[in-house]
Amino acid sequence: MGSSNSYIEKAQASDRELRKALGLLEIMFLVLGAIIGSGWLFGSFYAAAMAGPAAVVSWIMAGVLLLFVALAFAELSGAIPKTGAIVRYPQYSHGSFASTLLGWAYFLSAVTVAPAEAEAAVTYLSTWWPSKWPPLTYSTTVAGVTVTLLTGVGFAIAFAFLTAFFLLNWFGVKVLGAVTHGAGWWKLVIPFATVILIFVLIFHPANFASLSYSGGNITVGNKTYSFSPAHGFAPYGWAPVFFALPTTGIVFAYLGFRQGLEYAGEAKNPQRDVPLGTILGFIIAIVLYVLLQVSFVGGIDWSRYQMNLTYTYPNGTTVYKVVQLSPGNWQGLGYTVLSSGPFYELLAVSGVGILVGWAFILLIDAVVSPSGTGWIYEGTTTRVLYGMAADGVLPEWFLRLNKYRIPWIALITSWLLGALFMVPYSGWALMVSFISLTTVLTYIIGGSALMVLRRTVPNMPRPFRVGSDRVAWVIAAIAFIASFLIVYWSTFSVLWLAATFILVGVSLYYMMVAPSRFGVSRAHGVAAGVMFWAVLAATTYFLVWRNVMSVAPAPVDARTVGSLVGFVVVNLGAAVGLTEWLKGEMNEEGRAHTNAGYWVLAVLFGAYTLSWLGQYGPFTSPIIPFPWDTVVTALVALALFFYSVYSGIFTRDLDAVLRELGVAPVQADGGGKGP
């Protein structure tokens with residue numbers, strides 16, 4: 001088909017123009033530079049406040065689970081090193097329907113990271129910002145949780161950071177790689193040195209097992225602060241250990257392993273350097289983050305912290321109460337000075353001269369670390385847009401390169417959308433869970449695509465192999481299940497709205513891809529897209545928001561359960577019905593791509609349903625309690641994994657890649673033979 005060949009040829013031509021300038025160390029430091037960002041500045045604090053000393057287990061668990069995901073992507077990137085890789089792999093293994101939905105979800109996550117890092121830098125800067133100057137941040141309550149947001153001045157400085165990220169990317173991948181390499185050493189040395197100093201000078205082993213807090217209530221004005229009893233290593237039980245993975249910045253911190261994959265098309269020796277650099281960088285990061293969590297928990301001297309509790313009356317009068325923090329009251333950490341700059345305050349109030357001095361080094365790092373992650377992710381979003389254009393989801397002008405061989409229209413779009421995103425989400429804490437969920441959802445393609453390509457293209461060169469086919473099946477299944485579980489643990493309070501944003505991708509498929517690639521009438525595609533948007537918006541507002549989330553925690557009754565069942569049934573029915581209607585106009589390739597992508601809808605609606613049924617749902621008591629909810633979710637994920645693998649097809653796009661690699665064309669499973 002002419003139009004299909006056209007977009008593939010344009011993507012290949014643009015790929016050849018990209019500058020090949022990154023070596024093994026640059027790839028490794030891209031990974032480390034992305035991982036060691038605001039996550040190390042805030043993640044240990046939020047995880048300790050939620051899970052206590054057991055937060056160490058959360059970091060290990062997240063690292064191990066995501067390492068399986070990284071291994072799956074390592075084999076894929078060695079075999080098919082492409083810029084914008086993560087949004088292009090589903091196109092190769094399952095076609096346009098799957099790649100549109102997952103590419104859109106990945107874009108939603110990527111475009112928000114750079115502004116989140118800019119906000120993290122400004123939040124840390126506020127700890128030493130002169131009191132006579134206009135403040136950078138303020139505290140408010142969102143959904144019952146105290147969060148720190150940016151003022152107008154803080155927003156302006158964050159935008160300046162974002163603009164600097166944009167300019168660094170504009171001048172090319174060679175400049176970016178060199179700067180990232182240099183900053184990477186700094187970002188490694190400072191956290192490791194901090195760990196060593198805490199271990200040597202202020203470490204308190206008793207914080208890990210010997211503490212016991214009886215709980216209690218503290219009233220300030222008309223507000224009562226409640227603190228749960230806490231005892232031992234897992235002070236609040238084991239459910240928060242899982243809950244902490246996606247909600248406290250742990251998964252968010254680890255997400256940077258994907259950076260080597262995104263820049264694969266710009267590596268000098270991608271088949272070797274991309275998988276090796278990715279795995280090496282990720283393993284170093286896991287070790288570092290576990291040590292940071294251990295040092296933070298052990299470094300707390302409870303006698304040096306007070307809780308600052310407030311209440312504001314309707315007339316604007318604010319009353320304050322300062323209460324000594326009791327040993328073992330991990331939840332109370334959120335009301336101390338640690339909330340604005342955890343490691344900085346830990347060292348600054350320690351009373352040890354060398355640590356007080358080192359605290360000021362951390363203030364510098366509070367700019368360097370988030371900035372290093374921010375400029376990398378600015379480039380990532382650019383390459384996601386590039387990858388979506390290469391897949392035919394976005395217009396071909398997103399493939400255009402500037403004289404430094406950077407996709408310049410995609411870069412400008414990334415910069416402007418990131419700035420726009422900071423308006424409603426002007427605080428680091430508001431972004432982290434959303435970013436974690438949308439990103440990890442797209443990681444399900446790693447395990448699935450690994451086995452689809454093992455099945456459809458067994459003769460494709462694989463410089464890095466995770467093992468035999470039997471071993472690959474195990475690794476791929478664990479990678480898929482791990483991603484699905486992390487999405488589930490993100491809680492329904494995050495998933496309900498994130499899923500709505502992701503499902504907008506269905507309309508994009510109707511309006512953009514189906515008419516341009518598969519022969520569907522443009523009018524019919526637009527009509528289907530608008531109808532699905534209308535149904536999605538109406539059911540989200542009337543069924544989910546008004547009947548459930550606005551009253552959460554909600555009772556388990558016919559109204560709330562019926563509303564959530566109704567949302568799933570109506571939207572799943574609309575998606576399948578409208579897709580089948582358009583499928584009647586599609587050519588053979590379009591029907592094959594559409595059928596091969598239905599499993600993504602099953603994943604989305606399956607995760608959505610399990611989320612409100614389980615421990616982390618919107619109800620006063622879960623319908624499926626912990627740990628059975630996690631067991632059920634893992635079993636459902638396993639079934640969805642096999643569904644996804646056996647939905648895979650041999651696509652025209654994959655055939656084009658094989659021809660580039662000099663591999664003999666392979667007969668398609670369902671998409672027809674390549675051109």
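Rules and cut-offs
- Residues numbered from 1 in each chain as written.
- Predicted model: local features only at pLDDT ≥ 70, side-chain atom pairs only at ≥ 80, totals over all residues.
- Heavy atoms only, no water.
- Helix = DSSP H or I, 4+ residues; strand = E, 2+ residues; numbered from the N terminus.
- Buried < 20%, exposed > 50% of the residue type's maximum accessible area, 1.4 Å probe, protein only.
- Contact = heavy atoms within 4.5 Å.
- Areas by Shrake-Rupley, 256 points an atom, 1.4 Å probe, with all protein chains shown as cover.
- Phe/Tyr/Trp six-rings, centres within 6.5 Å; stacked < 30°, edge-to-face > 60°.
- Polar contact = N/O pair within 3.5 Å; in protein donor to acceptor, adjacent residues only side chain to side chain.
- pLDDT = per-residue confidence, 0-100.
- Core = buried A, V, L, I, M, F, W, Y, C linked by side-chain atoms within 4.5 Å.
- Expected span 1.5 Å × (residues − 1).
- Bend = angle between axes of the 7 residues up to and from the residue.
- Salt bridge = Lys/Arg side-chain N within 4 Å of Asp/Glu carboxyl O.
- Patch = residues over 30% accessible without salt bridge, like charges linked within 9 Å, V, L, I, M, F, W, Y side chains within 5 Å.
- Pairing = 2+ DSSP bridges.
- Axes fitted to C-alpha atoms, helices over the stretch in contact; angles between N-to-C directions.
- Parallel < 35°, antiparallel > 145°, perpendicular 65-115°, else oblique.
- Left-handed = near helix turned anticlockwise from the far one by under 90°.
- Nonpolar A, V, L, I, M, F, W, Y, C, P; charged D, E, K, R; others polar.

Another aspect to go through is the overall build of the protein chain. Looking only at helices and strands, the protein chain has 24 helices and eight strands in total. Looking at the protein chain residue by residue over its 675 residues, the buried ones come to 61%. Taking the contacts inside the protein chain whose residues are at least 6 apart along the sequence as the reference set, 79% of them involve residues at least 24 apart. Working note: accessible area of the protein chain is about 22,700 Å², and carbon and sulfur atoms make up 67% of it.

Here we come to the packing of aromatic side chains. Overall, the coordinates contain 47 aromatic pairs when judged by the stated rule. When the centroid spacing of 5.0 Å and the interplanar angle of 65° are considered together, the rings of Phe-45 and Tyr-46 count as edge-to-face. For the ring pair Phe-296 and Phe-343, a centre distance of 5.4 Å and an interplane angle of 65° mean the geometry is edge-to-face. On the criterion of sequence distance, the pair formed by Phe-296 in helix H12 (residues 270–299) and Phe-343 in helix H13 (residues 342–348) is long-range, its members being 47 residues apart. The two residues Phe-296 and Phe-343 agree in class, both being buried.

Before going further, it helps to spend a moment on the side chain of Thr-112. With respect to the helices and strands, Thr-112 occurs in helix H6 (residues 96–125). At a separation of 3.5 Å, a polar atom in the side chain of Thr-112 contacts the main-chain carbonyl oxygen of Leu-108. Discounting residues that sit within four places of it in the chain, Thr-112 has contacts with Phe-421, Met-431, Phe-434 and Ile-435.

It is worth spelling out the environment of Tyr-46 at this point. Among the structural elements, Tyr-46 can be located in helix H3 (residues 38–51). Taking the relative accessible area as the measure of exposure, Tyr-46 reaches 28% and is therefore partly exposed. Counting along the chain gives 287 residues from Tyr-46 to Leu-333, while the straight-line C-alpha distance between them is 8.7 Å.

Moving on to the confidence of the model for the protein chain. Averaged over every residue, the pLDDT of the protein chain is 86; residues scoring 70 or more account for 89%. Here residues 667–675 scores under 50 on pLDDT; set against residues more than four positions off or in separate chains, the count is 24 contacts.

With 231 residues, the main nonpolar core has Trp-330, Leu-333, Trp-489 and Tyr-608 as its most contacted residues. Of the residues forming this core, the biggest block, 20 residues, is contributed by H6. Discounting chain neighbours no more than four positions away, the residues touching Tyr-608 are Phe-492, Leu-495, Trp-496, Ala-499, Val-544, Leu-564, Phe-567 and Val-568.

Further remarks concern helix H14 (residues 353–390). The first and last C-alpha atoms of H14 sit 55 Å apart over 38 residues, in line with the 56 Å expected at 1.5 Å per residue. Remark: the principal bend of H14, roughly 30°, maps to Asp-365. For H14, a buried count of 29 out of 38 residues is recorded, marking the element as mostly surrounded by other parts of the structure.

Opposite charge on two side chains allows them to pair when their charged atoms are near. The final tally for this structure, using the stated rule, is nine salt bridges. In this structure, Arg-517 engages Glu-589 in a salt bridge whose closest nitrogen and oxygen atoms are separated by 3.5 Å. Note that Arg-517 is positioned in helix H19 (residues 492–518) and Glu-589 in helix H22 (residues 588–613), a separation of 72 residues in sequence. Here Arg-517 and Glu-589 have matching classes, each one buried. A single salt-bridge network, built from bridges that share partners, covers Glu-75, Arg-454, Arg-462 and Asp-469.

A cluster of nonpolar side chains, contributed by Ile-196, Phe-199, Val-200, Leu-201 and Ile-354, occupies part of the molecular surface with about 470 Å² of accessible area. Of the residues forming the nonpolar patch, the biggest block, four residues, is contributed by helix H8 (residues 173–201). Its place among the elements puts Ile-354 in helix H14. The class of Ile-354 is exposed, set by a relative accessible area of 51%.

The topology assignment puts Thr-491 in the loop between helix H18 (469–489) and H19. The class for Thr-491 is buried, based on a relative accessible area of 5%. Other than its neighbours up to four places away in sequence, Thr-491 contacts Phe-243, Thr-247, Ser-611 and Tyr-616.

Two faces, one strand: in a regular strand the side chains alternate between the faces of the sheet. Bridge analysis of strand S4 (residues 216–220) against strand S5 (residues 223–227) gives five bridges, and the strand direction is antiparallel. Following the sheet pairing, Gly-216 is matched in S5 by Phe-227. Taking the residues that link successive antiparallel strands as the turn, the S4-S5 hairpin has two residues, and the phi of Gly-221 there is positive, at about 60°.

The next point concerns unusual backbone geometry. Along the chain, Ala-552 connects to Pro-553 via a cis peptide bond; the corresponding omega equals 0°. Tracing the backbone shows Pro-553 in the loop between helix H20 (522–545) and helix H21 (558–583). The step from Phe-626 to Pro-627 runs through a cis peptide bond, and the omega angle for that step is 5°. Even without being a glycine, Thr-491 presents a positive backbone phi close to 80°.

Take H6 next. Given a rise of 1.5 Å per residue, 30 residues ought to cover 44 Å, and the 44 Å separating the end C-alpha atoms of H6 matches this to within 8%. The buried count for H6 comes to 30 of 30 residues, which makes it a mostly enclosed element.

Residues Met-307, Leu-309 and Tyr-311 line the buried face of strand S7 (residues 306–312), whereas the alternating positions Gln-306, Asn-308, Thr-310 and Thr-312 sit on a face that is not buried. Two elements, S7 and strand S8 (residues 318–324), share seven bridges in a ladder whose sense is antiparallel. Along S8, the bridge assignment pairs Tyr-311 with Val-319. The antiparallel pairing of S7 with S8 creates a hairpin that spans five residues between the two strands, and Gly-316 there sits at a positive phi of about 95°.

To describe two helices that pack against each other, one gives the angle between their axes and the distance between the axes. Closest axis-to-axis distance for the helix H17 (residues 444–456)/helix H23 (residues 628–645) pair is 9 Å, and the angle between their directions is 40°. Taken together, the axes of H17 and H23 are oblique relative to one another. The two elements H17 and H23 cross, and the hand of that crossing is right-handed. Mapping the contact onto sequence places Gly-447, Ser-448, Met-451, Val-452 and Arg-455 in H17 and Phe-641, Ser-644 and Val-645 in H23. For the contact of H17 with H23, the residue count by class is four nonpolar, three polar and one charged.

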